[in-house]
Amino acid sequence: MSKLKTGFIALLAIFSFTFSSVSEVMTPTQPEQTAQAAKLSTAQQIAKINSSLSKKEKSAKHYIAMRESGGGYTAKNGSCYGRYQLLRSYLHYNYSKVNQEKTANKYVKARYGSWVKAKKFWLSHHWY
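I will try to describe carefully the structure that is included in this document.

Before going further, it helps to examine the sheet that holds strand β2 (residues 80-81). Working definition: the strands of a sheet are paired by backbone hydrogen bonds and lie parallel or antiparallel to each other. Strand order across the open sheet formed by three strands is β1-β2-β3, with antiparallel pairing between neighbours. Only two strands of the sheet have a single partner each, and these edge strands are β1 (76-77) and β3 (86-87). The pairing of β2 with β3 spans two bridges and is classified as antiparallel. Each residue of the ladder has a partner; that of Tyr81, found in β3, is Leu86.

Considering all chains together, one arrives at two salt bridges under this definition. Close ionic contact of Glu101 with Lys61 constitutes a salt bridge, the shortest N to O distance being 2.6 Å. Remark: Lys61 occurs in helix α3 (residues 55-69) and Glu101 occurs in helix α4 (residues 97-111); sequence separation between them is 40 residues. Residue class for Glu101 comes out buried when judged on its relative accessible area of 2%. The exposure class assigned to Lys61 is buried, which follows from its relative accessible area of 3%.

Before going further, it helps to examine the nonpolar core. Membership of the largest hydrophobic core comes to 17 residues, with the highest contact counts inside it found for Ile64, Tyr84, Leu86, Trp115 and Tyr128. Taken together, the elements giving at least two residues each to this core come down to α3, α4 and α5 (115-125). The element contributing the most residues to this core is α3, with four residues. Not counting residues up to four positions away in its chain, the partners in contact with Leu86 are Ser79, Cys80, Tyr81, Leu91, Gln100, Thr103, Ala104, Tyr107 and Tyr128.

Conventions and cut-offs
- Residues numbered from 1 in each chain as written.
- Predicted model: local features only at pLDDT ≥ 70, side-chain atom pairs only at ≥ 80, totals over all residues.
- Heavy atoms only, no water.
- Pairing = 2+ DSSP bridges.
- Helix = DSSP H or I, 4+ residues; strand = E, 2+ residues; numbered from the N terminus.
- Salt bridge = Lys/Arg side-chain N within 4 Å of Asp/Glu carboxyl O.
- Buried < 20%, exposed > 50% of the residue type's maximum accessible area, 1.4 Å probe, protein only.
- Core = buried A, V, L, I, M, F, W, Y, C linked by side-chain atoms within 4.5 Å.
- Contact = heavy atoms within 4.5 Å.

Spelled out as structure tokens, the structure:
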């Protein structure tokens, strides 16, 4: 009986060691590290979306964002939402930062041709 008991304890020890090794691999990193990685990923995606814009275009885009929402991605005004105060339906109710950036670029290109032209319109109308 003692051999059976010793074998069982050894089996438990092996199982315990194996399980703890697997759980260490599967355990996520610290929450702040995970959040940092997610922010970095979003920032990288936004940088890629805006990489084709010239300095003037980026400056005009920033100007509009600051006037429309103070630069905040969660700004609300009636049926408009986000950094660029686009219609919620135009955003397809996807309020992620990445979607706001993509959608704003598409909107401005279709309506004005460029962010510089959108800024000129904004300066004379106080909306775009």
